[in-house]
Amino acid sequence: MSAWRRERPDLDVEPLEVLSRVSRLARHLDRARRLAFAEHQLEPWEFDVLTSLRRAGDPYQLSPGQLLTQTLVTSGTMTNRIDRLAKRGLVERLPDPNDRRGVLVRLTAEGRDRADEALAGLLAQERAILARLSGGQRSELADLLRQLTAPFDNVPG
């Protein structure tokens, strides 16, 4: 920061103090997440789909459209992901009883176990990243990040 202030005294580089650190932290978090998921033979996108289903509660099923909303991918991408997860026995497709043309994607017992184990591994990795902060600091940081991301989270996709 001092180098930028020296080299570009005409610019207010204060945003870099926060957002460059957020960007660096995101890279570390991505690395920790990939490690946690790899330990359970999952890719990050697989974890996203499986945990979307897991969070839905018993019977752990959603329509492909609901999965699209939660994972922010295209319809074609989601179809491919469901196919790949079904081949691995982590999800199954079922007819939608409320829509003759529709399907539901349900988490299998193996998929649920894998999601639960990967989540536990992820939380251990994330606790390690946050270990230097007190509970109050973590809470304050969560509130500040929520405020910062809220405008992006509420933008229609």
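About the criteria used
- Residues numbered from 1 in each chain as written.
- Predicted model: local features only at pLDDT ≥ 70, side-chain atom pairs only at ≥ 80, totals over all residues.
- Heavy atoms only, no water.
- Core = buried A, V, L, I, M, F, W, Y, C linked by side-chain atoms within 4.5 Å.
- Buried < 20%, exposed > 50% of the residue type's maximum accessible area, 1.4 Å probe, protein only.
- Helix = DSSP H or I, 4+ residues; strand = E, 2+ residues; numbered from the N terminus.
- Contact = heavy atoms within 4.5 Å.
- Salt bridge = Lys/Arg side-chain N within 4 Å of Asp/Glu carboxyl O.

Going by an unreviewed UniProt entry, the chain carries the name MarR family transcriptional regulator TamR and comes from Streptomyces blastmyceticus.

Quick look at the nonpolar core now. In summary, soluble globular proteins display a tendency toward joint burial of nonpolar side chains. Counting residues in each nonpolar core, the largest one holds 21 residues, and the members touching the most others are Phe37, Leu50, Leu53, Leu67, Leu85 and Val91. Secondary structure elements with two or more residues in this core: α2 (14-38), α3 (44-55), α5 (75-87), β3 (99-107) and α6 (109-130). Here this core takes 5 residues from α3, the largest share from any one element. Beyond its immediate chain neighbours, meaning those up to four positions away, leucine 67 contacts Val49, Ser52, Leu53, Leu62, Met78, Ile82 and Val105.

Here the structure, examined in full by the defined rule, presents 10 salt bridges. Here arginine 8 makes a salt bridge to aspartate 10, at a shortest N to O gap of 2.6 Å. The class of arginine 8 is partly exposed, set by a relative accessible area of 33%. Judged by its relative accessible area of 55%, aspartate 10 falls in the exposed class. Residue arginine 54 pairs with aspartate 116 through a salt bridge whose shortest N-O separation is 2.7 Å. Here aspartate 116 lies in helix α6 and arginine 54 lies in helix α3, a separation of 62 residues in the sequence. Judged by relative accessible area, arginine 54 falls into the partly exposed class, the value being 24%. One network of salt bridges, with partners in common, ties together Arg54, Arg112 and Asp116.

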